[in-house]
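Listed below, chain by chain, are the residues.
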Amino acid sequence: MAEAVFIMGLGLVGKAVKNLVLTLLDVKQTKQHSKIISKEIDLFVKTLNENIKLLNVNLPASVSRRALESLVKKLGDATKFVQSRQHQGFFKTLWNAHETKQELEMLRRNIDSAFQMALFITTLDVAVDGHSKMEDFQMKMLEIHSTHASSSETARSEIRDILVPLLEGVPKKDKLQSVISVVQNMHQTADTEKFFADVLANLSPVVPMEDDEQSTVTNADDDEEFNDPITCELMCDPVKGTDGRTYDRWTIIDNDLTRSPFDQSKSKPFRIECDDINIRGRLFKKYPKAEILFRERRHDYREEAKKLARGGHDAEAQVMLENVLKWADDDSECLKLRNLILARKSQQDLATGIDIKEWATSRSLAFKQSSPTLPSRSITLPRDHEFHGEDHIYRVRSLETASSKEIPPRSKTKLEEKSKAMIAIQELKSIVCLLSKETGVIPLREAARNFANLARDSENKVNMAIYPGALEKLVGLLTVDVPENALYEVTRGFANLSSARENQEKMAKVPKCLERLVRLMHKEVPRSIQSEAARAFANLALAKENRLKMGAVPGVLERLANLFSKDVEESVQRQAARAFANLASAEESILKMAAVPKALEKVVDLLCKEVPVTVQVEAAKAVANIAHAEECGAKLAYFPGALERLVCLMSRKVHEAVRFEATRAFANLSHFRRNKTKLITYPQAVDRVVSLLSSDVEENIQAQAARAFANLAAVKENLVEMAAYSGVLKRLVDLLARGTAEHVQIQAARAIAYLSWDDENQVTIAAFPGALERLVGLLSKDVPLSVLKQAALAFANLACAEANKGAMASFPGALKKLVGLLGKGPPSSIQFQAAAAFADLAWAEENRVRMATFPRAIERLAGLLSRDVDENVQAQAARALANLSIVKQNAVRMATYEEVVARLVAFLSTDVPEEVQTQVATAFANLAAVDENKWHMAEYPGAIGRLVDLMSCGVPESVQRPAARAFASLSSFRENKVMMASYPGALDRLVDLLHEDVSEGVQMYARKALSRLSGNEVRLRW
C-alpha cells in the first residue's frame, strides 16, 4: 500500500492532502476484499505523494494565493465527496466496484490537473514580476481550467490566445523569453499537463512558501455528482451517455446532442445509453422534489409528443415519441402513434426509395425545440439592460437534421463571437417587436411560438426576461381578445419564463400580470390556455415573496377551486392544484383559502384513486400545507371524508409521491392536541403509520410516518397503547441505525423518547433487542445535534426506571458517551439530558463506585457547576455528585479534588436557584459526613460562612436541612469545634432553628450541632 508523505511547510495544501489521504485509506479499510478499489486508492495516494513533493520543490516564494486557494478548495471538495459517499453507504452496502473505480479515477485526474494548474500560475506569477494584468489572467486561467479540465486542446488554444499578449507586454528577460517560446510552440505539445511541465522546466524554482502566506478557503458544494456536467445545474433525470458520463436527460434532448461535448476528436457517435439508477436513487433521497420534477418532465414531454402526433406535426412528434420509448419501451399508446407516423412517411417517400425505418433508427433521437422558421439559440444579454452585443459571447446550436449534427466548439476569434452575439440579440429583438395586437394573426402566432420555444432553454430564460419590454409585451397579450392560437403560444412562453426562479418575483411585479393570468383560468377559456396560465401562476407562487400578493388577487382562490372539478382536463386540474398548494405554503393565506366556499371539499374530492396521480400529488400537497395551520388542521381532521381518503392514500399500493404528501398531511394533523384522539381511534390510521416505518419504505415517507407516530405518542394517555402496536418498537429501533437519514433518525428517536415517558414502557424499550445499542451509538458528538438531542432524552427517560439502571450503566460505551457529553461543546439541552441520565444511574447503589471512578466523570460534573452554565444543567450535575457521594469511598475520593470542593462551596450561596442549592448542599453534607474530610472541608475558605447563611430562617427547608446536616457533621470533629463555635452568628442561627415553626429534621441537626459545640463558647454564652 502506498504511504503518504506530508510536507508540513506547505500549510493548508499539506493539510488538505492529508485529510484526503486519510479518507481514502479509511474507505480502503472499509472494503478490504475489493482488489480493484484498493489498487485505485493506492494509485491515488501515490499520485498525491508525487504532486505534494513536486509542489514542495518547485513552488516559488512569491505565489498566487488565488491559485493555491483553488487547489485547496478542490482537495476539500474531493475529501467531502468521498466522505459523503462513504457516509451514505455507497462504499459499503451498494457496492459497485466498476462505478466506484471510475469515480475515483476521475477524481484523481482532476486533482492531478489542479496541482499542475497551481504550479503553472504561481510560477508564471514570478516570471511576469507582478504585471498589472496578472490577477485578471489568473482568474481567466482558473476559469478555463474548470471549464476544460478534460479538454486539453481547447484549453491550449485559449491559454495561447490570452497568455502571449500578456507576456509580450512584459520587459524582456532571459527566462521570460523561454516561457514565450514554449507558449508560441504550444500546438506541438501533446497535452496540457506537458505544457505546464515545459513552463516549469524553463523557470528556476525557488524557496517553498511559508504557512502564513496562504489564506482560508471557504467550504465547497458537495453535490457535484448531482450536477449536469454541461449546464452545472441540478439534474432531475440522470442518464448514462455512451461516453460513460452522467448527464441530465433533458440536457441531451433539449440541446439535440449527437456528439459528446467532451470528445475532442468528434469521431464517436453519442446517445443515451441507459438510465443512471444509482445517481438517480441518491439524488431523490437527498432532494425529494427532484423526483417530482422527474415525473412532471416525463409526463409533460409525453403529453406534448402525443399532442404533436395527433396534430399532424410528424417530424417533431416522431423524435419526441422515440425519446419517450427510450424510457418506456412498453408504452403502447406512444408506440402506436410512432408506428402510424412511420407508416405515413413510408407511403410519402416510397417513390424516392428511402427506407424510413432505417432512417428513423439511425438518426439522433434528441428533440429540437425550435420552430421550422427560427433556430433555437442560447441567448446571452447584458445585465444592465443596455444591449451591446460586442460585450457578450454566444454559442450557436446548429439545427440541421443530418445525423452528423453536433455542437460546434468555441469560436476561435472574438470577432466571430461578437458577431454571433449581435445576431442573437437582433433575433430576439425582431421577435419582441412582433409581440403586439397590431401584428397580423399569423406573424403574431409565429413570433409567440418562436419566443416560447426559445424560453424552453434554461440558458435563455433569465436573459429573455430582462430584455426591455419583453415581459410587458407578453402580459399585454394575455387577454381573451387575442386569437386563440397566438394566445396559447404567448401563455406558454410566459409559463416557460416563469419556471426560472430568478424571474418569478420580477414577473409577478409586471402590472396586471396576476389579474390577467387569473382571468385566463376561467372555465370558458380553452383548456390548453387554462393549463398554461395555471402553470405560470403556480410557478410564480413558488417564490415566497409573491404568495401573499398572489393570494390577495380578487377571485383567484375561487377560480382555482373551480378548476378542481372532475369535468376539467387533467393538466388544468394539476396546475390549479399545484398553484393552490404553493399559495398554501404561506400561513397568512391558509385561513383565507379554507374560507372559500367548497374549496376544502373540492380539494378533498381529488384525494381518491380515480383521480390521475399527478393531480393527487398536488391535491395532497395542498391538504398538507393547509393542515399546517392549527385552526384549519382541526377543521380538516373532522371534515367529512378527509381522514378516510388520507389514510387510504397512505397505503403501499399508492404512488410514492402521493403517499408522501398524504403522510405529511396526516403528520401535520397529528401535531394538534385536539386531533390526536380522533386520529388514534380512526380505523387503520395508526396501523398505516406503523407500516410506513418499515426499512423498505422511501426515507422521506419514513420520516413523516415517524413524525406522525411521535406526535400521537406525545399524549400520556396514549403511551402504553402506542408502544403495544405490533412491530412498532422493532421498526423504530431499526430507524436509529447509523446510516439512516438524519430527518428519519430524529423522528424515530423522538418517538422513542415520548414512549419512554411511561414507567412500563421504560422497561420494555430498554429490554428490546438493539434499543440500548442504537441509543448509545447516537450519544456521540459526531451525530447531528437534532438527533443527538432526542437520543439523549430517550436515554435519560429510560434511566429513570429502577430496573434499567444496572444494565444501562454497565452497557458497553454508555458511561463513556455520557461523560463525553458532559464536557464543553454540546448545547445545554443535551448537557442537561446527559447529566440527568448520569444522576439517575448514580442513584442505584451498585453503580456508584463504578461511575465515580470512571475517567474524568467527577471533573466533568464539577465543571458544570459554573455560572456560565444553564441552571438546569447545574442542578442535574449537582444531583449526580450528591448521588455519587452517598458512598463513603466516593466521598473520600471526591474531596481530594480541590476543584470539586471549591465548586460546591461557591454554589452554597443564597443567590443560586433553590434546586441547585439543595443538590449542592446535599453533596457537601455527604462529603462532610466522612471523618477523613471534616477538617479539610471546615477549613476551606468561606465554607462555614456559606453554611451559616443557608441556615437562615428565610431559606427553604429543602436547603436548610442539608446545610444543617453538613454543619452538624463538621462540628463532630474536635479540631473544628472552637472555630465553628466562635464563627459570628453560627450559634444564633442554630438556636433560631430550634423554633417550633422549623421542621423536625432541621431541628434535629441543629440540636446535634449545639450539643457537640457545648463544651466551648456555647457554655460561656448560653
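All residue numbers refer to positions counted from 1 along the written sequence of the respective chain. The predicted nature of this model means local features are confined to residues of pLDDT at least 70 and side-chain atom pairs, given and counted, to a pLDDT of 80 or more, with totals for whole chains, interfaces and linings taken over all residues. With hydrogens and water stripped out, all remaining heavy atoms of the structure feed into the side-chain values.

Attention now goes to the confidence of the model for the chain. Considering every residue of the chain, the mean pLDDT works out to 78; 76% of them sit at 70 or more. Ignoring residues within four places in sequence, the model shows residues 1-9, a span with pLDDT below 50, making 25 contacts including any to other chains. pLDDT gives the predictor's per-residue confidence on a scale running from 0 to 100. Residue contacts follow a heavy-atom distance rule, with two residues in contact if any of their heavy atoms lie within 4.5 Å. Segment residues 1017-1022 is flagged for pLDDT under 50; beyond a separation of four residues in sequence, or across chains, it makes 11 contacts in the model.

Attention now goes to the packing of helix 19 (residues 484-498) against helix 22 (residues 527-540). Each pair of packed helices can be summarised by the angle the axes make with each other and by the distance between the axes. At a minimum axis separation of 8 Å, helix 19 and helix 22 run at an interaxial angle of 20 degrees. When the interaxial angle is binned, helix 19 and helix 22 end up roughly parallel. The way helix 19 lies across helix 22 gives a crossing that is left-handed. Facing helix 19, whose interface residues are E484, L487, Y488, T491, R492, F494, A495, N496 and S498, helix 22 presents S528, I529, E532, A533, R535, A536, N539 and L540. In the contact of helix 19 with helix 22, the residues fall into 8 nonpolar, 5 polar and 4 charged. Angles here are taken between N-to-C directions and fall from 0 to 180 degrees, while the axes themselves are lines fitted to C-alpha atoms, restricted in helices to the stretch in contact. Strands are runs of DSSP state E lasting at least two residues, helices are runs of H or I lasting at least four, and both sets are numbered from the N terminus onward. For this classification, under 35 degrees means roughly parallel, over 145 means roughly antiparallel, 65 to 115 means roughly perpendicular, and everything else is oblique. Crossing handedness is read from the near helix: turned anticlockwise from the far helix by less than a right angle, it gives a left-handed crossing, and turned clockwise, a right-handed one. Each residue is assigned to one class: nonpolar for Ala, Val, Leu, Ile, Met, Phe, Trp, Tyr, Cys and Pro, charged for Asp, Glu, Lys and Arg, and polar for all the others, Gly among them.

Looking now at helix 42 (residues 814-821). Summary of the burial criterion: residues with accessible area below 20% of their type's maximum are buried, those above 50% are exposed, and those between are partly exposed, where the area comes from a 1.4 Å probe applied to protein chains only. Turning to helix 42, its buried residues number three or more, namely A814, L815, L818, V819 and L821. Down the axis of helix 42, the sector holding all buried residues measures 160 degrees, keeping them to one side. Buried residues in helix 42 make contact with helix 39 (771-778), helix 40 (785-798), helix 41 (802-809), helix 43 (828-842), helix 44 (845-852) and helix 45 (857-863). Throughout, the arc means that of the directions going from the helix axis to the C-beta atoms.

We call two strands paired when DSSP finds no fewer than two bridges between them. Across 3 bridges, strand 1 (residues 238-241) lies against strand 2 (residues 246-248) in antiparallel orientation. When the sheet's bridge partners are listed, P238 is paired in strand 2 with D248. The hairpin formed by strand 1 and strand 2 contains 4 residues between the paired strands, and G244 there has a positive phi angle of roughly 90 degrees. Here strand 1 runs beside strand 3 (residues 272-275); their pairing, made up of 3 bridges, is antiparallel. Pairing of K240 across the sheet is with C274, part of strand 3.

A cavity here means a set of points on a 1 Å grid, drawn over the protein atoms and nothing else, where a 1.4 Å probe fits but cannot get out; a pocket is an open set with protein on both sides within 12 Å along at least five of seven lines, and a residue lines either one if it has an atom within 4 Å of a point. Grid points are joined across faces, edges and corners, and a volume is the space filled by probe spheres set on the points. Going through the model one piece at a time under the given rule, you end up with 7 cavities of 30 Å³ or more. Volume-wise, the largest cavity comes out at about 130 Å³. Looking at the largest cavity, the residues that line it are P288, E291, I292, E656, A657, F660, E661, E698, N700 and I701. For the lining of the largest cavity, the element with the most residues is helix 31 (residues 656-670), which contributes 4 residues.

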